[in-house]
Amino acid sequence: MSSVLKLFRTTTFRLALVFMALFGTAAACAIGYIYWQTNVLLNRQLEQTIEAEVQGLAEQYRAGGISNLAKTVANRSLAAGNSIYLVTDSEGDRITGNLTSISRDLWNKVGRVEFVYNRPGQKGSESRLALVSVFRLKGGFRLIVGRDIEDRRVFERVVQSAFILGLGFMALVGLGGGWLVSRSLLSRIDAVTATSRTIMEGDLSGRVPVVGSGDELDRLSENLNAMLDRIEQLMVGMREVSDNIAHDLKTPLNRLRNRAEAALREKGGAKPYRAALERTIEEADDLIKTFNGLLSIARLEAGASQGAMEEIEAAALIRDVVELYEPAAEDKGLSLRAESAEGVRLVADRQLIGQALANLIDNAIKYGGGDIQVSAIDTGASVEIGVGDHGPGIPEQDRARVLKRFVRLEESRSRPGSGLGLALVAAVARLHGGEVRLDDNEPGLRAVLSLPHKTNHNGSVGAQ
Ligand SMILES: Nc1ncnc2c1ncn2[C@@H]1O[C@H](COP(=O)(O)OP(=O)(O)OP(=O)(O)O)[C@@H](O)[C@H]1O
Ligand SMILES: [Mg+2]
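Worth saying up front: this structure is predicted, and the values here are computed from it rather than measured. (Residues numbered from 1 in each chain as written. Chains lettered and ligands numbered in written order. Predicted model: local features only at pLDDT ≥ 70, side-chain atom pairs only at ≥ 80, totals over all residues.)

**Observations regarding the pairing of strand β11 (residues 435-440)**
Next up, step 1: In this sheet, strand β12 (residues 445-452) lies alongside β11 in antiparallel orientation, the contact comprising six bridges. Bridge pairing links D439 to R446 in β12. (Pairing = 2+ DSSP bridges. Helix = DSSP H or I, 4+ residues; strand = E, 2+ residues; numbered from the N terminus.)

**Quick look at the sheet that holds β12**
Next up, step 1: The five strands lie next to each other as β7-β9-β10-β12-β11, forming an open sheet whose pairing is mixed. Two strands bound the open sheet, and with one partner strand each, they are β7 (335-338) and β11. Adjacent strand axes in the sheet meet at a mean angle of 15° when their direction is disregarded.
Next up, step 2: Of the strand pairs in this sheet, β7 and strand β9 (residues 371-378) are connected by four bridges, and their pairing is parallel. Among the inter-strand pairings, L336 is bridged to a residue of β9, identified as I372.
Next up, step 3: Most of the contacts of helix α8 (residues 314-331) go to β7, to which it runs at about 175°, and overall it touches β7, β9 and β10 (382-388).
Next up, step 4: Against the sheet, helix α9 (residues 350-367) contacts β9, β10 and β12, and its axis sits at roughly 25° relative to β10. (Axes fitted to C-alpha atoms, helices over the stretch in contact; angles between N-to-C directions. Contact = placed C-beta atoms within 7 Å.)

**Focus: the environment of D151**
Next up, step 1: Structurally, D151 is set in helix α4 (residues 150-200).
Next up, step 2: Of the residues examined, D151 has 13 C-beta atoms within 10 Å and is grouped as partly exposed. (Buried ≥ 20, exposed ≤ 12 C-beta atoms within 10 Å, placed from the backbone.)

**Some remarks on the nonpolar core**
Next up, step 1: Core analysis: the biggest nonpolar cluster contains 47 residues, and A314, I318, A356, V425 and V428 have the highest contact counts within it.
Next up, step 2: Residues within four places of A314 in sequence aside, it is in contact with A341, V344, R345, L346, A376, V383 and I385.
Next up, step 3: Among the nonpolar cores identified, the runner-up in size contains 19 residues, and A70, Y117, I144 and V145 belong to it. (Core = buried A, V, L, I, M, F, W, Y, C linked by C-beta atoms within 7 Å.)

**Observations concerning helix α2 (residues 11-78)**
Next up, step 1: Here α2 is 68 residues long, yet its end C-alpha atoms lie only 68 Å apart, well below the 100 Å a rise of 1.5 Å per residue gives.
Next up, step 2: Of all bends in α2, the biggest is about 135°, found at G64.
Next up, step 3: Burial in α2 covers these residues: F13, A16, L57, Y61, L69, A70, T72, V73 and R76. (Expected span 1.5 Å × (residues − 1). Bend = angle between axes of the 7 residues up to and from the residue.)

Here it is in structure tokens:
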């Protein structure tokens, strides 16, 4: 499609045309009305002037007959201005007056007549328009009284040309404006189309350009970009999950398979088979757990469980989870202590926050040591739930890495676990608009789940 045709087919250009037609009609009506009214007014004035002249001359005629009338006309003709006078005899020959000659046609008419006459002007004789009244008098005499209305003709021509020029100019400006506006709009729409085409071709990194004018197209572009960001994030997440499944679950599955195969080869009767089957079930359970963990994280990252937000008492939540882990801590000879968190409240998904806190406490028991303190404080902007231990901690350079799926530090590989605990905590934090911080507890690790206060749908602040 040629670009001109494309421009013509844009909504803006069509709108510009419609508006131009509407404005054109309105302007034509306005000018027509003004012209008509002016004509009415001028005509009335003209009629009155001619009428007054006729009245005066009729009086003279009544008083002194044709000779008196001819005298008056001769007098008035001397300073006639735009007035026109003529008195003729019955043959049509001029007796007096400032009109030199008249046509037969005019001669035969009676009453109001509009005609073109010649008058000496600056450039010789010029033909001009006149409006006169023709009277037949006794004895075949004629009296012609009227006014030169050439100015009216000029006025008409001026109005006509102003009308045509004005409409032409409006059409030109309208078309030009429509073309300019449509072209800039079209170029921006074309940019959006080009971006969507790149994305359709598989390059998810394409973004719609934002001009910075803050207009509705900019807002649309920003929203589209935000949507693309989200889609890209989800796609990356999905790709990561499938990569993880391919790499990290393949090894345990292979191990499981090899163990089953080795057991089959053994010739020891039911006992070793049973033992091998029990190991297989254990490993399958671990695998199922890992799968479930991965699925939970993927679901959280897709923003699936955002509906279950409720107001939570931090102290009660901490108490419940700590109670659950106390036996495990005691088994390892560790002390697990909840610091006072009275009055700290937050709006969050209770189950997810409980799961995240459980993961942090589980890590502190597994890898940490010494005293484990669990706390919750309200900083004003957010609620920070912290789990601190006095174990070896995590070196600073590894702190960002361990939040990723399946990342386990070298020294922890001998312990059970799949490396998904902190990834889940991070996903829970992200879902709540917060973050996970791994700080130095000097010595040990202090993991902090920071959840910002949000206004809930009632407009009140979620956690105080
Ligand atoms: N409190 C801690 N002290 C020292 N190292 C830690 C601590 N918490 C986590 N880590 C390190 O971070 C790694 C990742 O922890 P994460 O909770 O994600 O996985 P995991 O505990 O190994 O497995 P899972 O939680 O899935 O059972 C751990 O393997 C461990 O190396
Ligand atoms: Mg863990």
